[in-house]
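Here is what each chain is made of, one letter per residue.
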Amino acid sequence: MENNTRGFTSNIGAILAAAGGAVGLGNIWRFPYMLGQNGGGAFLLVYVFFVILIGVPLMMTEFIIGRRAQSNVVGAYKKLSHGNKGWITLGVFAIVGAFLIYAFYSVVAGWTLNYIVMASGGKLAGQTPEAITALFKNFTQGSFWPLLYQGLFLALTGAVIVMGVQKGIEKVSKILMPVLFILLLLMCVRSLTLGAGAKEGLSFLLKPDFSKLNGSCILSALGQSFFSLSIGMGAMVTYGSYIRKEDKLFNTSLWIAGCDSLVAILAGIVIFPAVFAFGMNPASGPELVYIVLPNVFNSMPAGTLFAVIFFVLLGIAALTSTISLLEILVAFEVEELHWKRSTASLVSTLVVFIIGAFCTLSFGPLKESTIFGKTIFELFDLITASYLMPIGALFMTIFLGWCFPKVEVKDELSNGGTLKVKAFEAYYFVLRFLAPAALLIIIISGIVG
Ligand code: PFF
């Protein structure tokens with residue numbers, strides 16, 4: 001029987017696990033501040049357009065590669081290219097990228113734990129805006145506490161991964177994703193019932209003002225859509241290899257992209273009405289969530305409760321994503337290097353902690369150690385999101401669109417010919433032409449800067 005025991009037990013399990021991988025800090029922390037800095041509603045529209053036109057086809061591409069090969073990202077390129085060294089290198093490239101993303105991502109993930117503790121201990125309540133800024137700076141510029149929280153977050157992720165694909169990833173996602181949605185809806189209701197400013201915030205998010213749109217906004221929207229859907233680093237190749245042979249890859253991808261965009265929009269609905277209602281600045285950047293929002297919570301009734309809810313949901317979103325990042329590495333180590341799952345989880349976690357410590361310390365003791373004017377954290381973020389992910393995705397489209405038989409692509413997408421894939425030609429066109437062109441533009445414009 002072809003039905004795999006190595007992977008997810010149901011389609012809903014696959015959707016929730018992969019949606020968990022996609023929905024993360026990218027949706028709730030990065031998306032709102034990018035939107036705030038890039039003019040609001042018009043950015044949202046362009047973002048959704050790219051998710052549908054390019055994001056979904058690229059996610060399908062990763063799933064096709066993973067499920068066809070039944071393998072981790074390196075093994076997948078090795079199998080499907082019949083051992084071609086160049087394509088194997090592309091798999092290794094994805095592994096390196098996943099390590100780097102995990103290293104800087106776990107810094108911000110660790111912050112969520114600290115904020116859950118601070119919020120529930122009432123430390124944020126009743127503070128002046130200056131005090132809240134100082135709390136953030138003192139915490140992030142330190143060494144011991146941010147490292148401790150980063151380590152805790154990495155350990156938590158490792159504990160889930162050790163339990164395996166079904167008992168760890170799938171089970172945890174099936175519990176945490178619905179919780180995340182419920183908490184997010186609760187926060188939306190709170191934010192939308194804040195009175196006058198709420199309306200203003202909502203129209204900032206939803207009313208497109210195209211005069212604010214320029215080339216750099218469009219590129220940011222394109223880059224954000226790749227980051228948010230976890231494309232180009234093998235996350236979806238790995239998860240694709242766990243999707244059952246009878247599941248529909250097109251529908252599955254649509255569900256995941258739909259969840260991902262919905263969470264980003266709901267996060268916007270939580271944040272912008274609240275920010276406007278209390279006269280804060282929507283374009284304040286990465287600290288939007290950690291400095292602006294605590295001020296907002298302080299000004300609202302039952303603010304402490306909602307602060308706790310918000311940081312718990314941010315932590316959940318981060319956790320399901322770090323799980324997908326660690327699984328990229330562990331699947332590779334188990335299948336290619338023949339390590340035990342527990343050894344692979346432990347070693348990867350330790351290595352990421354060592355690299356990640358430099359990212360954490362780059363807010364404090366290593367603040368002055370910059371390369372090209374960027375701290376280590378900023379450099380990791382920039383290199384992965386602006387270069388490694390689009391480059392990984394570009395070569396992936398070249399592999400599947402140009403170097404792999406079309407009949408096999410169609411066979412995998414149609415579950416061995418049992419499904420009618422009406423839009424196959426449209427998908428294949430995007431795979432061969434549109435997606436590589438868009439990716440090339442992102443990469444070049446990133447270099448030209
Ligand atoms: N998609 C995740 C987010 O939006 O937070 C980030 C991410 C996870 C990127 C896994 C890449 C990846 F392989």
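Details of the structure are given in the entry above.
Reading the values: the criteria
- Residues numbered from 1 in each chain as written.
- Predicted model: local features only at pLDDT ≥ 70, side-chain atom pairs only at ≥ 80, totals over all residues.
- Heavy atoms only, no water.
- Near = heavy atom within 4 Å.
- Polar contact = N/O pair within 3.5 Å; in protein donor to acceptor, adjacent residues only side chain to side chain.
- Areas by Shrake-Rupley, 256 points an atom, 1.4 Å probe, with all protein chains shown as cover.
- Helix = DSSP H or I, 4+ residues; strand = E, 2+ residues; numbered from the N terminus.
- Buried < 20%, exposed > 50% of the residue type's maximum accessible area, 1.4 Å probe, protein only.
- Contact = heavy atoms within 4.5 Å.
- 1 Å grid on protein atoms, 1.4 Å probe; cavity = no way out; pocket = protein on both sides within 12 Å on 5 of 7 lines; lining within 4 Å.
- Points joined across faces, edges and corners; volume = space filled by probe spheres on them.
- Nonpolar A, V, L, I, M, F, W, Y, C, P; charged D, E, K, R; others polar.
- Expected span 1.5 Å × (residues − 1).
- Bend = angle between axes of the 7 residues up to and from the residue.
- Salt bridge = Lys/Arg side-chain N within 4 Å of Asp/Glu carboxyl O.

S.K.: Hey, could you run me through the site of the ligand in this one?
M.R.: With respect to spatial proximity, 18 residues lie near the ligand, and among them Ala22, Gly26, Tyr105, Phe227 and Ser230 are the closest. Note that an oxygen atom of the ligand is positioned 3.4 Å from one of the side-chain N or O atoms of Asn27. Within the backbone of Phe227, a nitrogen or oxygen atom sits 2.8 Å from a nitrogen atom of the ligand. Surface burial for the ligand is 100%, taken as the share of its 340 Å² of free accessible area covered by protein chains. Of all the secondary-structure elements, those providing two or more residues to the shell around the ligand are α1 (11-22), α2 (25-37), α5 (85-120), α10 (215-228) and α14 (303-336). A total of four residues in the shell around the ligand trace back to one element, the largest contributor, which is α14.

S.K.: I would appreciate a short explanation of the side chain of Ser362 in the present structure.
M.R.: Considering the arrangement of structural elements, one finds Ser362 in the loop between α15 (341-361) and α16 (376-402). With relative accessibility at 2%, the residue Ser362 sits in the buried group. Within the structure, Ser362 has its side chain in polar contact with the backbone nitrogen of Phe377 (distance 3.3 Å). Look past the residues within four positions of Ser362 in its chain and what remains in contact with it is Lys367, Thr375, Ile376 and Phe377.

S.K.: Mind showing me how you'd approach empty space enclosed by the protein here?
M.R.: Regions of empty space are outlined by a rolling probe, equal in size to a water molecule, passed over the atoms. Taken as a whole, this structure holds three cavities of 30 Å³ or more when the rule is applied. One number sums up the size of the largest cavity: a volume of about 150 Å³. Gly21, Ile101, Phe227, Ser230 and Leu325 are the residues nearest the centre of the largest cavity, which is lined by 15 residues in total. Contributions of two or more residues to the lining of the largest cavity are made by α1, α2, α5 and α14. For the lining of the largest cavity, the per-class residue count stands at nine nonpolar, six polar and no charged. By volume, the second largest cavity amounts to about 50 Å³. Along the walls of the second largest cavity sit Glu62, Val73, Tyr77, Leu90, Ala94, Gly232, Met233, Gly234, Val237, Gly392 and Met396, which together make up its complete lining. Only α4 (73-80), α5 and α16 provide two or more residues apiece to the lining of the second largest cavity. Broken down by class, the residue content of the lining of the second largest cavity amounts to seven nonpolar, three polar and one charged.

S.K.: What's the story with helix α18 (residues 424-448) in this structure? I'm lost.
M.R.: In an α-helix, one turn spans 3.6 residues, which is why side chains three or four residues apart end up on the same side. Between the first and last C-alpha of α18 there are 35 Å, a value that for 25 residues agrees with the 36 Å anticipated at 1.5 Å per step. At Val430, α18 is bent by approximately 45°, the largest bend along its length. Within the span of α18, buried status applies to Phe424, Tyr427, Tyr428, Val430, Leu431, Ala435, Pro436, Ala438, Leu439, Ile442 and Ile443. Elements that come into contact with the buried residues of α18 comprise α3 (41-69), α10, α16 and α17 (406-413).

S.K.: What's the story with the pattern of salt bridges in this structure? I'm lost.
M.R.: Oppositely charged side chains may form a pair once their charged atoms are brought near each other. Tallied over the full model, the rule gives 14 salt bridges. With a closest N to O distance of 2.8 Å, Arg244 and Asp247 form a salt bridge. A relative accessible area of 18% places Arg244 in the buried class. On the basis of relative accessibility, which here comes to 4%, the residue Asp247 falls in the buried class. The partner of Glu425 in a salt bridge is Lys406, with the nearest N and O atoms 3.2 Å apart. With Glu425 in helix α18 and Lys406 in helix α17, this pair connects stretches of sequence that are 19 residues apart. According to the relative accessible area criterion, Lys406 is partly exposed, its value standing at 35%.

S.K.: Teacher, can you tell me more about the layout of surface pockets here?
M.R.: Of the voids in this model, the largest pocket is the one considered here, and its volume is about 1,000 Å³. Around the largest pocket, the lining is made up of 34 residues, and of these Arg30, Tyr33, Glu378, Asp381 and Leu382 lie nearest the centre. Those elements that provide at least two residues to the lining of the largest pocket are α2, α6 (129-140), α10, α16 and α18. Looking at which element gives the most residues to the lining of the largest pocket, the answer is α16, with seven residues. Looking at the lining of the largest pocket, its residues break down into 14 nonpolar, 13 polar and seven charged. Within this model, the second largest pocket holds a volume of roughly 350 Å³. What lines the second largest pocket is a set of 19 residues, and nearest its centre among them are Met60, Phe250, Val421, Ala423 and Tyr427. Going through the elements one at a time, α3, α12 (249-277) and α18 are the ones with two or more residues in the lining of the second largest pocket. In terms of residue count, α3 provides more of the lining of the second largest pocket than any other element does, five residues in total.

S.K.: How should I be thinking about α4 in this particular structure?
M.R.: In terms of burial, α4 is a largely internal element, six of the eight residues being buried. Val73, Val74, Gly75, Ala76, Tyr77 and Leu80 are the residues of α4 that are buried. Contacts made by the buried residues of α4 are with α3, α5, α11 (235-240), α14 and α16. Where α4 begins, the side chain of Asn72 points an oxygen toward the backbone nitrogen of Val74, at a separation of 3.0 Å.

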